[in-house]
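As a plain string of letters, each chain reads:
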Amino acid sequence: MIIKGNNWYFISNTKDDCQELMKMFWEFHDFRVKEINYRAELEQLDLLLEYDDRELNVILRFSDTVRMRLLPTDDDYDNNWIFDALLFIDKEGNFVWNDGNGIPADTETLIGTWIQSAKLQYAVVDGNGNTIKIPDRIVKQVCKEYNYHTNKWEKTIEIFYPKKVR
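The text that follows walks through the structure, step by step, so that each part is easy to find. Given the structure is predicted, the values throughout are model-derived calculations rather than measurements.

### So, the overall build of the protein chain
And step 1. Within the protein chain, the secondary structure is distributed over 2 helices and 11 strands.
And step 2. Going from N to C terminus, the protein chain has its helices and strands arranged as β-α-β-β-β-β-β-β-β-α-β-β-β.
And step 3. Taken over the C-alpha trace, the protein chain has a radius of gyration of 16 Å; the compact-globule value for 166 residues is 15 Å, and the two agree within 12%.
And step 4. Seen through its C-alpha atoms, the protein chain measures out along the principal axes to roughly 55 × 35 × 35 Å.
And step 5. Residues classed as buried in the protein chain amount to 41% of the 166 residues present.

### Considering the nonpolar core
And step 1. Among the nonpolar cores identified, the biggest contains 31 residues, and F25, F28, L60 and W97 are the most heavily contacted of them.
And step 2. Among the secondary structure elements, those contributing two or more residues to this core are α1 (15-24), β2 (31-39), β3 (44-51), β4 (57-69), β6 (95-98), β7 (114-125) and α2 (136-139).
And step 3. If we skip the residues at most four places from it in the chain, F28 touches M22, L49, V58, L60, I82, A85 and W97.
And step 4. Within the second largest apolar cluster, 6 residues are counted, among which are I3, W8, A123 and V125.

### Some thoughts on the packing of aromatic side chains
And step 1. Scanning the entire structure with this criterion turns up 9 aromatic pairs.
And step 2. Taking 5.2 Å as the distance between ring centres and 45° as the angle between the ring planes, the aromatic pair formed by W26 and Y51 counts as tilted. With W26 in the loop between α1 and β2 and Y51 in strand β3, the pair connects residues that are 25 residues apart, well separated along the chain.
And step 3. What makes W26 partly exposed here is its relative accessible area of 25%.
And step 4. Taking 5.0 Å as the distance between ring centres and 50° as the angle between the ring planes, the aromatic pair formed by F31 and Y51 counts as tilted. Of this pair, F31 sits in strand β2 while Y51 sits in strand β3, and the two are 20 residues apart along the sequence.
And step 5. An aromatic cluster of three or more residues is present, and its members are Y9, F25, W26, F28, F31, Y51 and Y122.
And step 6. The ring of Y9 carries the charged tip of K164 above its face, separated from the ring centre by 5.5 Å.

### Structural notes on the side chain of D90
And step 1. Along the chain, the position of D90 falls in the loop between β5 (86-89) and β6.
And step 2. Despite its burial, D90 pairs with no opposite charge; the closest candidate is R67, at 6.7 Å N-O.
And step 3. Within the local environment of D90, its side chain forms a polar contact with the backbone nitrogen of N94, the two atoms lying 2.8 Å apart.
And step 4. Setting aside anything within four residues of it in sequence, one finds D90 in contact with V96 and Q116.

### Looking at a nonpolar patch on the surface
And step 1. A surface patch of nonpolar side chains, about 330 Å² in accessible area, is lined by I36, Y38, M68 and L70.
And step 2. Examined against the element boundaries, I36 turns out to sit in strand β2.
And step 3. Residue I36 is classed as partly exposed on the basis of its relative accessible area of 32%.

### Some details on the pairing of strand β9 (residues 140-147)
And step 1. Here β9 pairs with strand β10 (residues 152-159) via 8 bridges, running antiparallel. Looking at β10, one finds that K144 is bridged to K155.
And step 2. Two successive antiparallel strands, β9 and β10, enclose a turn made up of 4 residues, where N151 displays a positive phi of approximately 60°.

### So, α1
And step 1. Every buried residue of α1 is listed here: D17, C18, L21, M22 and M24. Relative to the axis of α1, the buried residues are bounded by an arc of 165° and lie together on one face. In α1, the exposed residues that point more than 90 degrees away from the buried face are K15 and D16.
And step 2. At the exit of α1 stands W26, carrying a positive phi of roughly 55°.

Basis of the calculations
Residues numbered from 1 in each chain as written. Predicted model: local features only at pLDDT ≥ 70, side-chain atom pairs only at ≥ 80, totals over all residues. Heavy atoms only, no water. Helix = DSSP H or I, 4+ residues; strand = E, 2+ residues; numbered from the N terminus. Rg over C-alpha atoms; globule rule 2.2 N^0.38 Å. Buried < 20%, exposed > 50% of the residue type's maximum accessible area, 1.4 Å probe, protein only. Core = buried A, V, L, I, M, F, W, Y, C linked by side-chain atoms within 4.5 Å. Contact = heavy atoms within 4.5 Å. Phe/Tyr/Trp six-rings, centres within 6.5 Å; stacked < 30°, edge-to-face > 60°. Lys NZ or Arg CZ within 6 Å of the ring centre and 35° of its normal. Lys, Arg positive; Asp, Glu negative; His and termini not counted. Salt bridge = Lys/Arg side-chain N within 4 Å of Asp/Glu carboxyl O. Polar contact = N/O pair within 3.5 Å; in protein donor to acceptor, adjacent residues only side chain to side chain. Patch = residues over 30% accessible without salt bridge, like charges linked within 9 Å, V, L, I, M, F, W, Y side chains within 5 Å. Areas by Shrake-Rupley, 256 points an atom, 1.4 Å probe, with all protein chains shown as cover. Pairing = 2+ DSSP bridges. Arc of directions from axis to C-beta.

Remember that the coordinates give geometry; whether it matters functionally is a separate question.
Printed below as a string of structure tokens:
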């Protein structure tokens, strides 16, 4: 897929920025790898992730890629929905993204596909490959949780602050 548009966002190489990105997209639970595009001449890898409603696509753009391992976590990788992805900063200060289950320490402990890079940008992509503004339902999430102490449903609101690439 050719990605067009300038609605790109970035995160800093910090634990807090990694956690915010992961929380904003629900730890990529119920997403799956739709497409991977590696361009060696640009030292860039695009990882297109599709949500199970088939309407939300998120692209993670890794640049200054250090290493990657593409390894299905089971035999049915085409339909392998991610349960709980990881994004962390390794001891060299690189981003590490992983679609399997592992311990966020180093790449040797990770199961499944992982990508390691110095820089990471992301975007929400429509069905035509255009980057779009992150929808309000993602940036401002309203959740209902059951409080077992009060026996009532409680509404919580979480607001995220994506940093736009200029």
